[in-house]
Amino acid sequence: MTALSRSLTIERPGSHTLAEGPLPEPGAGEVRVRVAAAGICMSDREVYDGHRDPAYVRYPVVPGHEWSGTVDAVGEGVDPSLTGRRTVAEGFRACGRCERCRYGETSLCSAGYDETGFTRPGAFADHLVVPARLLHPLADDADLRAAALLEPAAVIAAAVRAGAPEPGERIAVLGAGTLGLLAVQLLAAVSPAELTVIDPREGRAAQALDFGASEARTPKEAEEVRGRYDLVVETAGAPSTAADACLLARRGGRVVLTGMFTPGAVGIDPVHLSLSQLTVRSVFGAPSAAWSYAVRAFTAGLLDPAPLITHEFPLERFAEAVALVGAGDPGTGKVLLRP
């Protein structure tokens with residue numbers, strides 16, 4: 001009998017199908033992965049609703065850029081010992097040849113945007129095929145359920161690397177969603193003097209304290225500590241949070257923006273920016289080095305994404321699962337699909 005594999009395809013905004021087809025075969029330099037878990041994030045919701053920038057999605061598409069699994073087949077030229085390895089993989093299909101790639105900035109590849117789950121088939125499926133060069137193999141006993149969150153963890157790792165935190169610094173994290181709570185874990189490992197999380201949701205603030213934050217404040221309470229922090233990591237992507245992050249930083253401080261902003265977001269005051277001599281960085285996706293950082297932290301036990309997971313669904317219940325994402329329920333954390 002011919003082996004089969006299911007995949008969930010968004011044919012066009014608002015329309016999806018779950019179909020069974022031939023098992024995909026890896027080509028030269030590729031591996032096939034049996035998906036263990038795949039996270040749904042707001043970007044996937046935007047793809048489903050048709051709100052993602054057309055330059056960053058190609059319909060029809062099998063979504064799923066946050067995932068983990070086990071290699072079950074390798075293509076020509078790939079080390080056969082990878083078969084059976086638990087793994088995650090980078091999403092950006094960087095060319096590896098352009099100036100930015102050669103410099104190590106693979107998330108800025110000048111060959112054009114190309115990413116698993118947006119322009120290439122993703123992990124909302126039983127199997128997916130990816131280039132072997134993008135793999136980050138995990139420990140043999142790795143928790144694959146938790147490892148599905150290593151993609152957002154790699155984004156936060158890129159932010160942490162950009163912010164260059166040092167022991168004893170005062171650090172603020174603006175937003176306590178998935179990215180914010182992962183940031184708390186990575187930043188707590190640096191031993192800051194203060195680690196403040198700013199979020200209006202009481203439950204998320206409490207979770208941040210469990211993850212190593214020293215205090216939690218609401219946005220209103222945060223107005224009292226403007227100008228205090230050596231480093232501010234913004235993760236919310238709300239209309240005012242880029243500007244708010246700059247106001248929280250001390251003179252000469254650093255700000256890293258990781259939230260995905262939409263048109264209409266409040267701009268950063270250029271007068272405040274110049275007079276305060278702030279260093280402002282932004283992060284979109286994660287280069288290879290940030291992936292390695294996140295995987296090392298996960299393997300060492302410094303990063304545990306599992307407590308962020310609140311819901312798990314089979315592929316057949318995708319519509320129910322995606323409806324939870326971005327619906328505003330404070331009790332909804334990370335939603336997983338489990339093929």
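None of these values were measured; they are calculated from a predicted model. (Residues numbered from 1 in each chain as written. Predicted model: local features only at pLDDT ≥ 70, side-chain atom pairs only at ≥ 80, totals over all residues. Heavy atoms only, no water.)

Draft legend 1. Expanded view of the packing of helix α5 (residues 178-188) against helix α6 (residues 202-210). In the contact formed by α5 and α6, the axes pass within 9 Å of each other and the chain directions differ by 20°. When the axis of α5 is compared with that of α6, the two are roughly parallel. In this structure, α5 meets α6 at a crossing whose hand is right-handed. In this structure, α5 contributes Thr178, Leu181 and Val184 to the contact, and α6 contributes Arg204, Gln207 and Ala208. Of the residues contributing to the contact of α5 with α6, the split by class is 3 nonpolar, 2 polar and 1 charged. (Axes fitted to C-alpha atoms, helices over the stretch in contact; angles between N-to-C directions. Helix = DSSP H or I, 4+ residues; strand = E, 2+ residues; numbered from the N terminus. Parallel < 35°, antiparallel > 145°, perpendicular 65-115°, else oblique. Left-handed = near helix turned anticlockwise from the far one by under 90°. Contact = heavy atoms within 4.5 Å. Nonpolar A, V, L, I, M, F, W, Y, C, P; charged D, E, K, R; others polar.)

Draft legend 2. The arrangement of α6 in detail. Among the residues of α6, Arg204, Ala205 and Ala208 are the ones counted as buried. The buried residues of α6 occupy an angular sector of 100° when projected down its axis, which confines them to one face. Seen from the buried face of α6, the exposed residues on the opposite side, beyond 90 degrees, are Glu202, Gly203 and Asp210. For α6, the elements touching its buried residues are α5, β9 (194-198) and β10 (215-217). Gly212 sits one or two positions beyond α6 and adopts a positive phi of about 125°. (Buried < 20%, exposed > 50% of the residue type's maximum accessible area, 1.4 Å probe, protein only. Arc of directions from axis to C-beta.)

Draft legend 3. Fine view of the pairing of strand β5 (residues 86-89). Of the pairings in the sheet, the one linking strand β4 (residues 66-74) to β5 comprises 2 bridges and is antiparallel in character. Following the sheet pairing, Thr70 is matched in β5 by Arg86. Bridging between β5 and strand β7 (residues 135-137) involves 3 bridges; their strand directions are antiparallel. Counterpart to Ala89 in the pairing with β7 is Leu135. (Pairing = 2+ DSSP bridges.)

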